[in-house]
Amino acid sequence: MEAHQHSPDSSSEECTVLEAAPSKNSCLQHAGKVADLYCSACECALCEDCLPAHEDHPKVALSQALEQHRSRLQERLGAVQNRLPQISDALSLVSEILQQLNNQRASIEEDIQSSFEDLHKQLDVRKSVLLMELEVTYGLKQKVLQAQIDNLTRGDGDITATCTQTEEALAEEASVATLEVEHELEERLKELAILRMPCQPEENDQLDLVMETDGLRKSIHNLGTIVTTSAVASQSEAMGTGLEQCIVGHPASVTIVTRDKSGGACKTGNAILSAEVFTPDGSIVDGEILDHKNGTYEFVYTVPKEGNFSLALRLYDQHIKGSPFKLTVTKASEVEGSSDGTKRRGKSPGQKKKGSKRASSALGTPRRKTQNPIEDDLIFKIGTKGRNKGEFTNLQGVAASSSGRILIADSNNQCVQIFSNEGEFKSRFGVRGRSPGQLQRPTGVAVHPSGDIIIADYDNKWVSIFTCEGKFKAKLGSGRLMGPKGVSVDQNGHVIVVDNKACTVFIFQLTGKLIAKFGSRGNGDKQFAGPHFAAVNKNNEIIVTDFHNHSVKVFTTEGELVLKFGSNGEGNGQFNAPTGVAVDVNGNIIVADWGNSRIQVFDGSGSFLSYINTSADPLYGPQGLALTSDGHVVVADSGNHCFKVYRYLQ
């Protein structure tokens, strides 16, 4: 059969079909066919040859299906792209947490090295003391025994020599010539016969070492603990009636349950929690957080004024589930009269009802003539709510320097602001964070005689030391402090730290060495319940405001109670949670009465003298308080987000 020949440039219909560009809507099942329908059930394009297999399936035009698919894809693209800012924020937050974790690791490593170096030094010092004590004790005993040996040796020599001479004399023939010598020997023998010799030991050989190492070894074995928790804010939750309502002037509580990322309950404590009750204008109430050490915590707070508030609960600076919560604060009489069974939260019949008078006392406008107010007036006030210079958010501690400066611990703005005695803004410093040199929640501030600025950082659980220009120098108390609130400086230049959370007062050298500590949680004379601030009088005694015990206590630097005054109430000399405290040149004690929103003045023995007249511009939840170098009283008016300076007649 003759083969069919093709020239090189000739082409057949078959070749033409194979080389032609396929249609963009070509059917994937049937070559050369164009798809113009779309099966919604099978989600595929259909040509005319595909129709029998999809006869009962819903179908739409392919162009419509493609348009709908593109529209859905665009929507999903937009939805996913909208997640990018959230992911970016989360990435920044987690990166910041990781950086803080790295910084904390480095800081703790430094603390461990420093602590053990200090322990080595202490052990070397103790070793030297013991060796010195050994040499001194041995020397005293050796001296006594050696002296006795010398005496006995001399006595033995004298007796032996005399006896030898006598024996030699007796061996010779008696004569007039030997008579005189024998008389001398006889007298000598008489003396030796009655000579008192130290024949009984005048010292013993006891020289023992008592080294109680078992307890020390156990302490060393358990020395130091790396504290952490797996709690996260997004899973942690709060419960209790204090989340929604409370009564003016009555303690309310909220229970916080911490959970890990999977929602499992945490079983250990030491999580870093913060809580605030605030109005739309800002924070006014701190309260006290109790750590039950089992993963649950209790926030106890008291609100001095009725109204609608917000309760913010944060874990590691992040809101927990549901936070912030809406809180309604009512008078006791309103709750007692309600029909919802909440009457039990009102006052008992035997107690004085304060609800009807709370408004005036909480605003700091006492009007009773029997209080004999000192005619002091407001000189000026500085501040509004905000984050700029001269603006504050929950200012706490106050200090005044001898160089005419007023220092304010601006707690929620994580900085310290400095003003002149006349209220002129000078400077501010502070960077938010949990690394050394950063501030997380500055609550107390003091000025050292050297000019250094000392800051209590509640959330970082240490005290930071800065130069007068705001340059970080050192930190102290890390690993020891649980929640430092107030700081002061005694006449020896030691740093007094009031640990609100531990209910303890610590005394440190500026180098960070712990000198002494005293106090524990409770209502005893030497105990505290949420202590806030401290001042030091001319006797170098430490004056501490005991917040929840509604009293002021004065101690020696050894922790011995010297004086206690105050009780819960609105009368002269009574307190509703005292906060700031200062001492004037005459030894009078000036106290900020937080819940009653006033400033009271007492003499050095705790007797009420008067109050500073604040009626022209009432206080709202005053915190820190100090005396300026020109003799005025400066107070942190926390609820009004400003500080005020009053004339003070000493």
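Quick look at the structure, then. (Residues numbered from 1 in each chain as written. Predicted model: local features only at pLDDT ≥ 70, side-chain atom pairs only at ≥ 80, totals over all residues. Heavy atoms only, no water.)

**Some words on the overall build of the protein**
Scanning the protein for helices and strands turns up seven helices and 37 strands. Within the protein, the fraction of its 650 residues that count as buried is 42%. Counting contacts in the protein only where the partners sit at least 6 residues apart, residues at least 24 apart contribute 53% of the total. Carbon and sulfur atoms make up 52% of the accessible area of the protein, which totals about 35800 Å². (Helix = DSSP H or I, 4+ residues; strand = E, 2+ residues; numbered from the N terminus. Buried < 20%, exposed > 50% of the residue type's maximum accessible area, 1.4 Å probe, protein only. Contact = heavy atoms within 4.5 Å. Areas by Shrake-Rupley, 256 points an atom, 1.4 Å probe, with all protein chains shown as cover.)

**Digging into the sheet that holds strand E35 (residues 622-627)**
Read across the sheet, four strands follow the order E14-E37-E36-E35 without closing on themselves; strand pairing throughout is antiparallel. The open sheet has two free edges, formed respectively by strand E14 (378-382) and E35, since each of these has just one partner strand. Looking at each pair of strands side by side, their axes are set apart by 20 degrees on average, direction ignored. In this structure, E14 lies alongside strand E37 (residues 642-646), joined through four bridges in antiparallel fashion. When the bridges of E37 are listed, Lys381 appears paired with Lys644. (Pairing = 2+ DSSP bridges. Axes fitted to C-alpha atoms, helices over the stretch in contact; angles between N-to-C directions.)

**Brief notes about the nonpolar core**
Residues Val277, Phe299, Tyr301 and Leu313 are the most contacted members of the largest nonpolar core, which totals 32 residues. Every element with two or more residues in this core is listed here: strand E4 (232-239), strand E6 (252-259), strand E7 (273-279), strand E10 (296-301), strand E11 (307-315) and strand E13 (325-330). Sorting elements by how many residues they give to this core places E11 first, with four residues. Each of domain 1 (232-330) and domain 2 (378-646) accounts for three or more of the residues forming this core. Once residues lying within four places of it in the same chain are set aside, the contact partners of Tyr301 are Gly242, Cys246, His250, Pro251, Ala252, Val254, Val277, Val285, Gly287 and Leu327. (Core = buried A, V, L, I, M, F, W, Y, C linked by side-chain atoms within 4.5 Å. Domains from an automatic or database assignment.)

**Remarks on a nonpolar patch on the surface**
A cluster of nonpolar residues, Ile108, Ile112, Phe116, Leu119, Leu223 and Ile226, forms a patch on the protein surface that exposes about 510 Å² of accessible area. Its place among the elements puts Leu223 in the loop between helix H5 (213-221) and E4. (Patch = residues over 30% accessible without salt bridge, like charges linked within 9 Å, V, L, I, M, F, W, Y side chains within 5 Å. Salt bridge = Lys/Arg side-chain N within 4 Å of Asp/Glu carboxyl O.)

**Notes on the environment of Asn413**
Within the secondary structure, Asn413 is located in the loop between strand E16 (405-410) and strand E17 (415-420). The buried category is assigned to Asn413, whose relative accessible area is 10%. Taking the C-alpha atoms as reference, Asn413 lies 7.0 Å from Phe392; in sequence the two are 21 residues apart. If we skip the residues at most four places from it in the chain, Asn413 touches Gly386, Arg387, Glu391, Phe392 and Thr393.

**Re the sheet that holds strand E18 (residues 425-429)**
Pairing within the open sheet is antiparallel, and its four strands lie in the order E15-E16-E17-E18. With one partner strand each, in any of the chains shown, strand E15 (395-400) and E18 form the two edges of the open sheet. Each strand of the sheet is rotated relative to its neighbour by a mean of 20 degrees, with strand direction disregarded. Where E15 lies against E16, four bridges are found, and the strand directions are antiparallel. Its bridge partner lying in E16, Leu395 is registered against Asp410.

**Remarks on the packing of aromatic side chains**
Tallied over the full model, the rule gives 15 aromatic pairs. A centroid spacing of 4.9 Å and a plane angle of 40 degrees characterise the contact between Phe518 and Phe555, whose relative ring orientation is tilted. Taken together, the residues Phe518 in strand E26 (residues 514-518) and Phe555 in strand E29 (residues 551-555) connect sequence positions 37 residues apart. Between Phe602 and Phe608, the ring centres sit 6.0 Å apart and the planes meet at 75 degrees, which makes this aromatic pair edge-to-face. (Phe/Tyr/Trp six-rings, centres within 6.5 Å; stacked < 30°, edge-to-face > 60°.)

**A few points about the pattern of salt bridges**
Enumeration according to the criterion identifies 23 salt bridges in this entry. For Asp291, the salt bridge goes to Lys293, with nearest N and O atoms at 3.6 Å. You can call Asp291 buried: its relative accessible area is 19%. When its relative accessible area of 44% is taken as the criterion, Lys293 is described as partly exposed. Of the charged contacts in the structure, one is a salt bridge between Glu306 and Lys331, with a shortest N-O distance of 3.5 Å. A residue pair is termed long-range when its members are at least 10 positions apart, and Glu306 in the loop between E10 and E11 and Lys331 in the loop between E13 and helix H6 (332-336) qualify at 25 residues. Lys331 sits in the partly exposed class, given a relative accessible area of 24%.

**A look at the side chain of Asn412**
Mapped onto the elements of the fold, Asn412 is located in the loop between E16 and E17. Taking relative accessible area as the criterion, Asn412 reaches 16% and is therefore assigned buried. A distance of 3.3 Å separates a polar atom in the side chain of Asn412 from a polar atom in the side chain of Asn394. (Polar contact = N/O pair within 3.5 Å; in protein donor to acceptor, adjacent residues only side chain to side chain.)

**Here we look at the packing of helix H3 (residues 83-171) against helix H4 (residues 176-194)**
Where H3 contacts H4, the axes come no closer than 10 Å and their chain directions differ by 145 degrees. In this structure, H3 meets H4 at a crossing whose hand is left-handed. Here Asp158, Ile159, Thr162, Gln165, Thr166 and Ala169 of H3 lie close against H4, whose contacting residues are Glu182, Leu185, Arg188, Leu189 and Leu192. Partitioning the contact of H3 with H4 into residue classes produces five nonpolar, three polar and three charged. (Left-handed = near helix turned anticlockwise from the far one by under 90°. Nonpolar A, V, L, I, M, F, W, Y, C, P; charged D, E, K, R; others polar.)

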